[in-house]
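What the coordinates show
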Amino acid sequence: MSSDYLLEIEDLHTSIYTDDGVLRAVNGVNLRIPKGTIVGLVGESGCGKSMTARSIMRLLRHPARIDSGRILFGGKDLTTLTDKEMREISGRDISMIFQEPMTSLNPVLKVGFQVEETLRVHGLAASKEEAKRKVIEMFERVGIPEAEKRYSAYPHELSGGLRQRVMIAMAMILKPKLLIADEPTTALDVTIEAQILRLMRDLCKESGMSVLIITHNLGVVAEICEYVYVMYAGYIVEHAPIFDLFDYPRHPYTKGLMASIPRIGGNPEYLYTIPGVVPNLLHLPEGCPFSLRCSAAEEECRKTLPELVRTDEDHFSRCVKACGEQSLEGRAYGAGRE
Amino acid sequence: MKSVMKRLIGMIPVFIGVMLLIFVLLRVVPGDPVQVLLGEHYSQDTIDRLTKAMNLDKPVFEQFLLYLSGVFHGDLGMSYVMKKPVTSLIMEALPQTVILALMASTFAWFVGIGSGIIAAIKQNKAPDHIFMGFSLAGISVPVFMSALFLQYVFSFKLKLLPLSSDGSLKSLILPAIALGWNSAGSVARLTRSNLVDALQADYIDTAKAKGLTNRAVIFGHALRNSMLPVITLMAIQLSSMMSGAVVTESIFAIPGVGRLATNAIQTRDMPLLQGTVLLTTVMVIFGSLLADILYSVIDPRIRREA
Amino acid sequence: MEKTKKSTDHHNPGSSGAAAAAAADRKSADLSCEIKSYVGIRKKIRRMCRENPLAAVSAAVIVVMILMAVFAPLIAPYQEAEQDLMARLQGPSAAHIFGTDELGRDVFTRILYGARVSLMVGIIPSAITLVIGIFFGLLAGFHGGWVDYVIMRFVDVMLSFPTLLLCMVMMYVLGRYADSVLCIILSLSLINWAGTARVVRAQTLSLKETEYVEAARSIGVKRIRIMLRHILPNCIPSLIVLYTLSVPSSILSESTLSFLGIGVQPPAASWGLMVNQSKQFLFTMPWLALAPSLSIMLVVLAFNFLGDGLRDALDPYLESR
C-alpha cells in the first residue's frame, strides 16, 4: 500500500433519523490512523465518537446510518463492501472492544467458547483441541490467571477486569491490524484501568497493530495515545500529536478540557468547568459549534464554520484564532502537566 | 441435582394442598354419593352398608387421610357410573391425551417460535404485523371455535383429514392444531418481544464485530437468551392445554382424560371427576418442575446460584 | 425527607385537638396523592390513545358493546326466548338480520342478550378477583414470613389447576345452590385471583425496600396505612393492565363452559351456548355459528388490544403473556 495509514476516514457523515428530526452525529470527520500507532478520539458523551467507531465497524443500528464519506482500510472502502466482505474483515483485520464488559459478553455462553468463536468464524481453527489451546494461550497472554480453568467459566463468574481481558483476548486472537476500543476502561476501577491500558499498549507494540481508543478521559489518552483527535458536537475540532496537544492546545474547547482536569494539590473549590452545555445535535448552531460556550467567540464565529487549520507541523485546529497569540495562553494552560 | 431435590420437596405442600382442595370441594356437594350410586330403589340397610364400605361414616379428617393414602397407592376409588376403578379408566384414557398434548405442544413450539423469530427479525415491517396480528387473533379465539373452524375447512370442505378421532395419529392432527393454536399465539408474542430485546443487547455487537453472520448472531447468541422466559411460558401453557384438551376431546370425540372429565360432570360421577382433576393438576405441577430444570440447564447463572 | 416530616406530624400522639387536625391534614394529603397518581395515569392513557389507534378503537368497541348489552331490551327486535316455529333456521333477512335458530329465535336478539352474559361474566369476576388478589398479595408481600409462605403455597395450588377443570368442579359444587350465571361468576372469582396476588406480592416486595416506605416504617406508621397509602397506589398501573387482560380470559372461560353445556343453561342466551346449539348445523348452516363466534372474537380481541396498549403505555415491564 502506498499510504502510511492503515485507516483513513474521509469526510464521514453519519446521522440518526429520529422521529423528532435528523440528528447529525458525525459531521464530515477526517481521521487517519498510521500503522502501528495508538490514536485517541476524545470528547464528551454524545459528541459522536462512538458513532464514528460504529460507522467503521458497520455496527450502526436503525435509525442511524452513514450518509456519505469514505472509510478506507488498506485501500478498500469499507462503506461500499458487501455484508459478506465486511464480515471477513471484522474480527480478523479489525476488531473491537466495548465499554461494558459485563453486557458485552453473552451471559449464557462460556467465555472460552466466545473467544474460540472468532477463530471458527474465520475458519482458522483446525481442530477443537488446537482452537482450545490457542484460546488458552491467548488468555495467558492477556494475563488471565488459571487460563485453563477460566476457559469454561461463564461471564458472571469473572470480575470486571477479567471480563475486559477476555474481551481483549477475543479481539486480539487473530492479530488484527486495527483494534477499536470504545471506552475500554470506563466501567473499571482505576487500578484495573491502568493494568488494562498497559496490556493494550504492550500488545500493540508486540504485534505492530494500530489502536483507536475512544474515550472521554484525558487521563487515558495521556497514558497510552501517540496522537489525539478531539471531537465536539460531531466535528473534529483539533488533532495533534499527544505532547503537542497537551502542551499547546489551540482550540478553546481542548483548552477547556485540559483546564477541567482536577489536579492533586489544586484547590478543588476552583475546579474549572466549561460553561454551558453541549448543543442539541438536532439544532446545531450556525457557525462554530463551540461558539455558544466559547468566551473568545466573536461575531464571525457564530456565522461561519471555521476550517481545520494547520497550526504546527502535524497540529490542526478548527478555530479562527488557532494561530497567533492564543497559543501562548495554551502554554499557560498546559503548564503543570507532563 | 440439589436444586431439583429442593424443588421436589417444595412441591409436597402444593401437592397436598391440591388434594385437600379437591377433597373439600367435592365433600360440600349436596346429595349423598350413596344415593347417586344406588339410584332410586334401595333400603335403609343397603345405605348403611354402603356408607360404611365407602368410609363415609368416619370423621371427615380420617376420610381425607384414607383418600390420601389411597392416592399414594394408586387407588382413586370406584367410578359410580362406570363401576370400574377410576385409576384404570384414567390409565386407558391417558395415552390419547398425552399424545394430543405432545402434538399440540410441538405445533405451538414450531409455529410460535418460528413466527416469533421472523417477526422479531422483520421488526415493524409487514411480516411482523401480519404474524403478530395472527397471534393476537390466536389467543383471542376460544379452542372450540378454532376446532369447529378446522373441522369445517379441512374435514368438511377439503375432506383432507377425519372429522373425529379413530385412534390414528392422522385423526389427531386437527385436534392438536386446534389445541396448540392458543399457545402458539402466546409463544410467538413472547418469543418476538424477548428476541427484540436480546437483539438490542451489547453482546450482539460483540458477536457481529467478530464477523459472525446474521444467522449465527440470531441463532447462536440472541435466541438462546430469549428462550428462557418462553420455556417458563410453555410450562404455564401446559395448564391451559389441559383445559383445552377437555374441549378438543369433546369436539373430536377423542377418548381421553378431558372426555372423562366432561362425562364425569354430566353423570355427576364424583370419584372420576376427582381423579381426572387430580391427574391433570399433577401433570401441570411436574411440567413446571421440568421447565425449571430446563431453565437451569440453559441459564448458567441460575445453575451456579442453586 | 419532606414526606418523613409530614408523617411524623401525623403520628405524633398529641392531644385530641391535634389528632383531629392531623386527621384533616392526612385527608388532604391522601387526596393530593391520589390526584397526583391519577393524573399521571390519565395522561399516559391519553397519549396511548393518540399513539396507538388500535387500542383507542378497541376501547370504543368495548364501550359500544357495553351500551348494547345494557340497552339490549330496547334495541332487540324480539324477546330473548321468543320462538317462532314457523320461521326456524332462516338465513339472514330483513326481519331477522342474523337469521333464526332451530327454535325460530332471532339470532341478533340472542347475540344482544348473550353480550349481557359475556360482559357481566368478564367484568364482575375480574373485579372481585382483583380485590381478593390485592388483599392476599399485599398481606403476603408485606407481612412476609409464614403468612407469605402459606399464602404463596395456596397461590401455587390455585395456579396448578387447569382453570377450566377447576371451573367445572366449582360448577358441579355450586350448581345446586345458584343460578348458572351467578355460579360462573363465583367460580371465576374464586379461581382467578391467584395470578393477581402473585403480581401484587412481587410489587409489594420491591416497594417495601424503597426509601420512603422504610422511612415511614422507621417512624412507626401503621402497616395498613403503609400498604394502602404507599404501596397500593404504586401497583395501580399494573392492576389496570391485569384487569383489562383478565376480562377476555374470563369471557373465554364462560363461553367454553357454556359450549360444553356446563355453563349458562338454556333458555338463557350465551354466545358459547349458541355456538354449541348451532354445532349440529355446522355443515349445513355454518352462518348460525358465525354470529356468536365473531362476537366472542370481537370482544376478546378488543380487550386484548386495549390491554396490550395499556401495558405498553402504563407498565412496559409487566411480564407479557
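Rules used in this analysis
Residues numbered from 1 in each chain as written. Chains lettered and ligands numbered in written order. Predicted model: local features only at pLDDT ≥ 70, side-chain atom pairs only at ≥ 80, totals over all residues. Helix = DSSP H or I, 4+ residues; strand = E, 2+ residues; numbered from the N terminus. Buried ≥ 20, exposed ≤ 12 C-beta atoms within 10 Å, placed from the backbone. Contact = placed C-beta atoms within 7 Å. Core = buried A, V, L, I, M, F, W, Y, C linked by C-beta atoms within 7 Å. Nonpolar A, V, L, I, M, F, W, Y, C, P; charged D, E, K, R; others polar. pLDDT = per-residue confidence, 0-100. Axes fitted to C-alpha atoms, helices over the stretch in contact; angles between N-to-C directions. Parallel < 35°, antiparallel > 145°, perpendicular 65-115°, else oblique. Left-handed = near helix turned anticlockwise from the far one by under 90°. Pairing = 2+ DSSP bridges. Domains from an automatic or database assignment. Expected span 1.5 Å × (residues − 1). Bend = angle between axes of the 7 residues up to and from the residue.

**A few points about the overall build of chain B**
Counting its regular elements, chain B contains 13 helices and zero strands. When its helices and strands are written in sequence order, chain B yields α-α-α-α-α-α-α-α-α-α-α-α-α. With respect to the principal axes defined by its C-alpha atoms, chain B has extents near 85 × 55 × 30 Å. The buried share among the 306 residues of chain B stands at 43%. In chain B, the share of contacts with a sequence separation of at least 24, taken over all contacts with a separation of at least 6, comes to 71%.

**Some points on the overall build of chain C**
On a plain count of helices and strands, chain C comes out with 13 helices and zero strands. N-terminal to C-terminal, the α/β element order of chain C is α-α-α-α-α-α-α-α-α-α-α-α-α. Looking at chain C alone, contacts between residues at least 24 apart form 69% of all its contacts between residues at least 6 apart.

**Looking at the nonpolar core**
Membership of the largest hydrophobic core comes to 252 residues, with the highest contact counts inside it found for Ala169, Ile180, Leu212 and Met231 of chain A together with Leu165 of chain C. When neighbours within four sequence positions are excluded, Ile180 of chain A is seen to be in contact with Ala53, Ile56, Met57, Ile94, Met96 and Leu212 of chain A.

**Considering the interface of chain A and chain B**
Contacts between the two partners involve 23 residues from chain A and, on the opposite side, 18 residues from chain B. Elements with a contribution of two residues or more to the side of chain A that touches chain B: helix H2 (83-89), strand E6 (94-97) and helix H3 (111-121) of chain A. Take the side of chain A that touches chain B: its biggest share by element is three residues, from H3 of chain A. A breakdown of the residues in the side of chain A that touches chain B according to their chemical character gives nine nonpolar, nine polar and five charged.

**Looking at the confidence of the model for chain C**
Residue and element names in this part refer to chain C. Looking at chain C as a whole, the pLDDT averages 78, with 84% of positions reaching at least 70. Low pLDDT, under 50, characterises residues 1-38; the predicted model gives this stretch 22 contacts beyond four residues in sequence or across chains. Here the predicted complex scores 0.78 on pTM and 0.83 on ipTM.

**Examining the packing of helix H6 (residues 160-172) of chain A against helix H7 (residues 190-207) of chain A**
Residue and element names in this part refer to chain A. Axis separation between H6 and H7 bottoms out at 10 Å; the angle between their running directions is 15°. In this view, H6 runs roughly parallel relative to H7, as classed from their interaxial angle. As H6 runs across H7, the sense of the crossing is right-handed. The residues of H7 that touch H6, namely those facing Gly160, Gly161, Gln164, Ile168 and Met172, are Ile192, Gln195, Ile196, Leu199, Met200 and Leu203.

**Considerations on the sheet that holds strand E12 (residues 315-317) of chain A**
Residues and elements named next belong to chain A. Strands sit in the order E6-E7-E8-E3-E9-E10-E12-E11 across an open sheet of eight strands; the sheet is mixed. Of all the strands in the sheet, the pair left with one neighbour each is E6 and strand E11 (309-312). For this sheet the average axis-to-axis angle between neighbouring strands, irrespective of direction, equals 20°. Judged from the two bridges that link them, strand E10 (residues 235-241) and E12 form a sheet pairing that is antiparallel. In the strand pairing of E12, Glu238 is matched with Ser317.

**Focus: the interface of chain B and chain C**
Counting from both sides, the interface comprises 41 residues of chain B and, opposite them, 37 residues of chain C. At the level of elements, helix H1 (2-27), helix H6 (126-140), helix H7 (143-157), helix H8 (173-199), helix H10 (214-251), helix H11 (257-266) and helix H12 (270-298) of chain B are the ones that each hand at least two residues to the side of chain B that touches chain C. It is H10 of chain B that provides the largest number of residues to the side of chain B that touches chain C, a total of seven residues. Per-class residue counts for the side of chain B that touches chain C are 29 nonpolar, eleven polar and one charged.

**Some details on the domain arrangement of chain B**
All names here are of chain B. Here chain B is described as being made up of domain 1 (2-72) and domain 2 (93-305). In this structure, domain 1 and domain 2 have C-alpha centres spaced 34 Å apart. For the side of domain 1 that touches domain 2, the secondary-structure elements that each account for two or more residues are H1 and helix H2 (33-38). Broken down by element, the side of domain 1 that touches domain 2 gets its largest block of residues, ten residues, from H1. Its residues assigned to classes, the side of domain 1 that touches domain 2 shows eleven nonpolar, one polar and one charged.

**What about helix H5 (residues 86-121) of chain B?**
With 36 residues, H5 of chain B should reach 52 Å at 1.5 Å per residue; the first-to-last C-alpha distance of 50 Å fits that figure. For H5 of chain B, the principal kink sits at Ala93 of chain B and spans about 35°; a proline, Pro95 of chain B, occurs within the next four residues.

**A short note on the packing of helix H5 (residues 107-143) of chain C against helix H11 (residues 223-259) of chain C**
Residues and elements named next belong to chain C. Two elements in contact, H5 and H11, have axes whose closest approach is 7 Å; the angle formed by their N-to-C orientations is 145°. At the point where H5 passes H11, the crossing takes the right-handed sense. Here the contact of H5 with H11 is composed, by residue class, of 15 nonpolar, seven polar and two charged.

**Here we look at the pairing of strand E9 (residues 227-232) of chain A**
Residues and elements named next belong to chain A. Among the six residues that make up E9, six are buried, leaving the element largely enclosed by the rest of the structure. Here E9 shows two buried faces, one formed by Tyr227, Tyr229 and Met231 and the other by Val228, Val230 and Tyr232. Here strand E3 (residues 38-42) runs beside E9; their pairing, made up of four bridges, is parallel. The partner of Val42 across the bridge, within E9, is Val230. As paired strands, E9 and E10 are joined by six bridges and run antiparallel to one another.

**Some remarks on the sheet that holds strand E4 (residues 64-73) of chain A**
Residues and elements named next belong to chain A. Read across the sheet, four strands follow the order E2-E1-E4-E5 without closing on themselves; strand pairing throughout is antiparallel. Edge positions in the sheet fall to strand E2 (21-34) and strand E5 (76-77), since each of these pairs with one other strand and no more. Pairing between E4 and E5: two bridges, direction antiparallel. Its bridge partner being in E5, Phe73 is matched across the sheet by Lys76. Lying on the sheet, helix H1 (residues 49-57) is in contact with strand E1 (5-18), E2 and E4; it crosses E2 at an angle near 70°.

**Quick notes on the pairing of E4 of chain A**
Residues and elements named next belong to chain A. Pairing geometry for E1 and E4, over eight bridges, is antiparallel. When the bridges of E4 are listed, Ile16 appears paired with Ala64. Connecting E4 to the antiparallel partner E5 that follows it, the hairpin turn spans two residues, and Gly74 within it adopts a positive phi of roughly 55°.

**Looking at H7 of chain B**
Residues that lie three or four places apart on an α-helix share one face, since the helix turns once every 3.6 residues. An ideal rise of 1.5 Å per residue puts 21 Å on 15 residues; H7 of chain B measures up with 20 Å between its terminal C-alpha atoms. By the burial criterion, the buried members of H7 of chain B are Val143, Phe144, Met145, Ser146, Ala147, Leu148, Leu150 and Gln151 of chain B. Tucked into the core, H7 of chain B has its buried residues touching H8 and H10 of chain B together with H11, helix H12 (271-278) and helix H13 (287-314) of chain C. Phi for Lys159 of chain B, located one or two positions after H7 of chain B, is positive at around 50°.

**Section: the environment of Tyr17 of chain A**
Residue and element names in this part refer to chain A. Checked against the element boundaries, Tyr17 lands in strand E1. Along the chain, Tyr17 and Pro63 lie 46 residues apart, while their C-alpha atoms are 5.2 Å from each other. Leave out the neighbours within four places in its chain, and Tyr17 touches Val22 and Pro63.

**Some words on the environment of Leu301 of chain C**
Mapping Leu301 of chain C onto the fold places it in helix H13. Separated by 196 residues in the primary sequence, Leu301 of chain C and Arg105 of chain C have C-alpha atoms spaced 27 Å apart. When neighbours within four sequence positions are excluded, Leu301 of chain C is seen to be in contact with Leu136, Ala137 and Ser140 of chain B.

**Remarks on unusual backbone geometry**
All names here are of chain A. Here Arg58, not a glycine, exhibits a phi torsion of approximately 55°, which is positive. Relative to the helices and strands, Arg58 resides in the loop between H1 and E4. The class for Arg58 is partly exposed, based on 18 C-beta atoms found within 10 Å. Positioned with a positive phi, Glu146 is a non-glycine residue whose angle comes to about 50°. Topologically, Glu146 is positioned in the loop between helix H4 (128-141) and helix H5 (147-151).

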